[in-house]
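An overview of the molecular structure
As a plain string of letters, each chain reads:
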Amino acid sequence: MYSRIKRIENAHEDGIWSVAWSKRGNRIVTGSVDDTIKVWSGDTLEETRLLEGHQLGVLSVDISPDGTTAVSTSLDSQIRFWDLVHHTKTEERTIEAGPVEAWTGAYSPDGRHVATGTHMGNINIWSTEDRKKERTLETRGKFIMSVAYSPNGLLLACGAENGAVHVFDVPTGRLLHSLQGHSMCVRTMTFSPDSALLLTGSDDKRINVYDVHHANCLSSLAGHQSWVLSLSFSPDTAHFASGSSDKLAKIWDVKARQCIHTFNDHDDQVWGVAYSDDGTRLATVSEDRSMNVYQTG
């Protein structure tokens, strides 16, 4: 069932820190420390575009729900929007967020906003239409390293460098829950497709599974030997993937709460994992500059 379809050596000129797979249009987008973003065909797995503009390494990439636009955050403090359909320059579609005001970015499910974490422990909410900051959600905590919207658009979660996990109500901006369970930096998180579960990955080597509505930790999963850097839920909610500094990517069974497969093809830490929209493929990217694509269903 699990097999490698393709390995793209030197997909970038430096480590690849982020990957996203579109829900529409079947595109893969990767962001690298080499300051560039690349677009790949999800069908042929060939590079289709090179996007340049950032002055420093790209921290995160995400793709709008309609698959037409990508957003990127970078060490240069810019948030950039990229047209994935028309080959047009998007210089005017850049937000100067300010130093460490946009660490990682995530699209809202309606595509109208992008949320970014800040070093002050806040989440900034930006309008994708006029590219202005609409509001700031405060945790009164530490550096926000990861953010995630629930697919139903009602919740926004964030993970901090001290292990704290906060969940906000999107319509009101109210802090609903502060979830306990991690002892170190939370670098990645993702909601289940039905918005019921929240997965978090931490430098404490664990993946926590939270019941969002009851604010309790259902399970704390061990298996990686180092920091957990990336998580992605399969569209059918049955499985999820993880990537780690231990150079491994793993597939987990959600109900059984256990690892059912391990990929060991990378030579360095696995910064990103992303499922295709139909759940039959998984892309992984690494500090080793490569991208692997696997058959998963």
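Read on for a plain summary of the structure. (Residues numbered from 1 in each chain as written. Predicted model: local features only at pLDDT ≥ 70, side-chain atom pairs only at ≥ 80, totals over all residues. Heavy atoms only, no water.)

Looking now at the overall build of the protein. Within the protein, the secondary structure is distributed over 0 helices and 28 strands. Against the globule reference of 19 Å for 297 residues, the protein gives a C-alpha radius of gyration of 17 Å, in line with a compact fold. If one aligns the C-alpha atoms of the protein with their principal axes, the spans along those axes are about 45 × 45 × 30 Å. For the protein, the proportion of its 297 residues judged to be buried stands at 60%. By sequence separation, contacts in the protein at least 24 residues apart represent 42% of the contacts at least 6 residues apart. (Helix = DSSP H or I, 4+ residues; strand = E, 2+ residues; numbered from the N terminus. Rg over C-alpha atoms; globule rule 2.2 N^0.38 Å. Buried < 20%, exposed > 50% of the residue type's maximum accessible area, 1.4 Å probe, protein only. Contact = heavy atoms within 4.5 Å.)

Here we take up unusual backbone geometry. One non-glycine residue with positive phi stands out, namely Asp35, at about 80°. Residue position: Asp35 is located in the loop between strand S3 (27-32) and strand S4 (37-41). The class for Asp35 is partly exposed, based on a relative accessible area of 24%. With a phi close to 65°, Leu45 is a non-glycine residue in the positive phi region. Counting through the fold element by element, Leu45 comes out in the loop between S4 and strand S5 (47-51).

On to the nonpolar core, then. Counting residues in hydrophobic clusters, the biggest one holds 14 residues, and the most contacted among them are Ile123, Ile125 and Leu156. Broken down by secondary-structure element, the contributors of at least two residues to this core are strand S12 (122-127), strand S14 (144-149) and strand S15 (155-160). Discounting chain neighbours no more than four positions away, the residues touching Ile123 are Ala115, Thr116, Arg135, Thr136, Leu137, Val147, Leu156, Cys158 and Phe168. Within the second largest apolar cluster, 13 residues are counted, among which are Ala11, Val19, Trp40 and Val285. (Core = buried A, V, L, I, M, F, W, Y, C linked by side-chain atoms within 4.5 Å.)

Further remarks concern the pattern of salt bridges. Under the definition given, this model contains 7 salt bridges. Salt-bridge contacts for Glu46 lead to Lys6; the nearest nitrogen and oxygen are separated by 2.9 Å. Separated by 40 residues along the polypeptide, Glu46 in the loop between S4 and S5 and Lys6 in strand S1 (residues 3-8) bring together distant segments of the chain. Among the residues examined, Glu46 registers a relative accessible area of 44% and is labelled partly exposed. Since its relative accessible area comes to 26%, Lys6 is described here as partly exposed. Among the ionic pairs, Lys38 bridges to Glu47, the shortest N-O distance being 3.4 Å. What makes Lys38 buried here is its relative accessible area of 12%. Overlapping salt bridges, with partners in common, bring together Arg7, Glu9, Asp267 and Asp288 in one network. (Salt bridge = Lys/Arg side-chain N within 4 Å of Asp/Glu carboxyl O.)

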